[in-house]
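# Close look at the chain arrangement
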Amino acid sequence: MRRPQGKSMRRVLCVWGLILLSVVALPGAWAADPGGGFGGTGIQPGGIGGTGIHPGGIGGTGITAVGVIQRFGSIYVNGREYLLTPRTRYLVDGISGSAKDLRLGDRVTVQAAADGRPVALEVRVDHAVIGRVTGVDVAERRFTVLGQSIHVGAHLSMALRHSEQSLPFRALQVGDVVSVSGLHQGKAHWLATAITRLYPADAAPAHEPLLLRGRVSALQLDRGTLEVGATRLRVNEAQLRALQVGQSVVIRGVYADGGIRAESVTPAALAAQGIGDRVTLVGYLDREAGRWSSDGISLEEGAHTLYRNGDAGDMRVGGLVAIAGEVKAPGVIAVERVTFRVNPMDFDLPTLPPMAGGVAEALERPENEEERPEVSSPEIERPDIDYPSGNIDD
């Protein structure tokens, strides 16, 4: 067979070039390339977490998702899947982590590139509280850690550190050391979406770290203390003077000498800050200075805002909602859609397709999936959600 020459060769090359360009332009063509870059683009480290990608995405707007991990494969948050790649950056309470640190029900902020299948650039896990249990009400399914009142849904169990096993809520004891992920209901109240027992009461170390996330409710400069909810802490004077009442903070410290010692107080990271980013948020509504907010993020409704399962009159303090919109300014969302009465673990989550043998597992698993607990639809325990009709009192 004779090879094409001259003009014929050029035609063949042009045809093949058009075919290749068409393939690259297909949605979802940005596949992860462990050898370097995405889909052979040659994008090298230099962006978020060494991804080489900036928050605005690759040739498009970025995506910010604030919610809880609903499912793995890679991860689902607010009903959308975010692909985890070898270049995804992980932060757990501000400290560098890895994919194996992620747990079902963790409250996270995901920053992603928007083209095709969303690629997670950064996954930030923010625990509500880490510390010793000081009170348990089994009947009311509530417990207290560092002055925070934590509500537990009817079917949520307690995971055990370094174990695939879990315990029912009634097994929780005063003195246990736990980490809690959840949604802030306001005024030192939380809805738990994940609980891990780090140490049982009789095996807790003499010195263990603590973490408290909340708003500064009082400052006493003359005493060198601050209050977050019902917890009062002594703080270094220099840090104390940099704080304001109402500010969202993260307090890290230790239990030592029979008391609590704060070692650092830092402003909470702003979740929605990339102007123009598409954003989804699941959280409780609050009202501040005549404006709606959720978890410290301001919400601006407009004439074209759409409402599902209700209308604008259903916007109430303490209501659990899902928000979709665009970041108008750092910490401000121009709201396009509000969905009322949502379950954070089920919101917009696609149904898993049936598989042979009745196993509902058709999701692609990342290479380190064996380090996570197996997750399949029948075994996922969903927290029951209470829908308060008004303010949550202390």
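Keep in mind that what you see is a predicted model, and the values were worked out from it rather than measured.

## A look at the confidence of the model for the protein chain
For the protein chain, mean pLDDT is 79; residues scoring 70 or higher make up 74% of the total. A low-confidence stretch, residues 12-60 (pLDDT under 50), is modelled with 77 contacts involving residues beyond four sequence positions or located in other chains. Note on residues 356-394: pLDDT is under 50 here. Beyond four places in sequence and across chains, it has 80 contacts.

## A closer look at the pattern of salt bridges
Per the counting criterion, the structure on display carries 18 salt bridges. Taking the shortest distance from any N to any O, the salt bridge between Arg-107 and Asp-126 comes out at 3.5 Å. With a gap of 19 residues between them, Arg-107 in strand E6 (residues 107-113) and Asp-126 in the loop between strand E7 (119-125) and strand E8 (129-137) connect regions that are remote in the sequence. Under the relative-accessibility criterion, Asp-126 is labelled buried at 9%. For Arg-132, the salt bridge goes to Glu-208, with nearest N and O atoms at 2.6 Å. Of this pair, Arg-132 sits in strand E8 while Glu-208 sits in the loop between strand E14 (189-199) and strand E15 (209-220), placing them 76 residues apart in sequence.

## Quick word on unusual backbone geometry
Put simply, Gly-73 and Ser-74 share a cis peptide bond, and its omega is -10°. With respect to the secondary-structure elements, Ser-74 resides in the loop between strand E1 (63-72) and strand E2 (75-77). In this structure, His-162 is a non-glycine residue whose phi angle is positive, near 55°. For His-162, the position within the fold is in the loop between strand E11 (158-160) and strand E12 (166-167).

## Observations regarding the layout of surface pockets
Reported here for the second largest pocket is a volume of approximately 940 Å³. Every residue lining the second largest pocket is counted, 42 residues in all, and those nearest its centre are His-184, Arg-215, Ser-248, Asp-295 and Gly-296. Looking at the lining of the second largest pocket, the elements with two or more residues in it are strand E13 (177-186), E15, strand E18 (248-256), strand E21 (286-288) and strand E22 (291-294). Classifying every residue of the lining of the second largest pocket by side-chain character gives 16 nonpolar, 16 polar and 10 charged.

## What to know about the nonpolar core
Generally speaking, a soluble globular protein has its nonpolar side chains buried in company with each other. Phe-143, Val-145, Ile-150, Val-178, Ile-195, Leu-226 and Ile-251 are the most contacted members of the largest nonpolar core, which totals 31 residues. Sorting the residues of this core by element identifies E8, strand E9 (142-145), E13, E14, E15, strand E16 (225-228), E18 and strand E19 (259-267) as the ones contributing at least two each. If we skip the residues at most four places from it in the chain, Phe-143 touches Val-133, Gly-135, Val-136, Gln-148, Ser-149, Ile-150, Val-152, Phe-169, Leu-172, Val-178, Val-180 and Ile-195. The next biggest cluster of nonpolar side chains, apart from the first, holds 18 residues, and it includes Val-77, Tyr-82, Tyr-90 and Ala-99.

## Considerations on the pairing of strand E20 (residues 278-284)
Counted residue by residue, E20 has 5 buried out of 7 residues, so it is predominantly covered. As defined by bridge partners, E1 adjoins E20 across 4 bridges and the pair is classed as parallel. By the bridge assignment, Ile-63 is partnered in E20 with Arg-278. For E20 and strand E25 (residues 320-329), the ladder comprises 7 bridges, and the chain directions are antiparallel. Of the residues in E25, the one forming a bridge with Val-279 is Gly-325.

## Describing empty space enclosed by the protein
A full pass over the atoms with the stated rule returns 2 cavities of 30 Å³ or more. Lining the largest cavity we find Val-66, Arg-107, Leu-183, His-184, Leu-281, Val-282, Gly-283, Tyr-284, Ser-294 and Asp-295. Every element with two or more residues in the lining of the largest cavity is listed here: E13 and E20. The dominant element in the lining of the largest cavity, judged by the number of residues it contributes, is E20, at 4 residues. Here the lining of the largest cavity is composed, by residue class, of 5 nonpolar, 3 polar and 2 charged.

Cut-off values and rules
Residues numbered from 1 in each chain as written. Predicted model: local features only at pLDDT ≥ 70, side-chain atom pairs only at ≥ 80, totals over all residues. Heavy atoms only, no water. pLDDT = per-residue confidence, 0-100. Contact = heavy atoms within 4.5 Å. Salt bridge = Lys/Arg side-chain N within 4 Å of Asp/Glu carboxyl O. Helix = DSSP H or I, 4+ residues; strand = E, 2+ residues; numbered from the N terminus. Buried < 20%, exposed > 50% of the residue type's maximum accessible area, 1.4 Å probe, protein only. 1 Å grid on protein atoms, 1.4 Å probe; cavity = no way out; pocket = protein on both sides within 12 Å on 5 of 7 lines; lining within 4 Å. Points joined across faces, edges and corners; volume = space filled by probe spheres on them. Nonpolar A, V, L, I, M, F, W, Y, C, P; charged D, E, K, R; others polar. Core = buried A, V, L, I, M, F, W, Y, C linked by side-chain atoms within 4.5 Å. Pairing = 2+ DSSP bridges.

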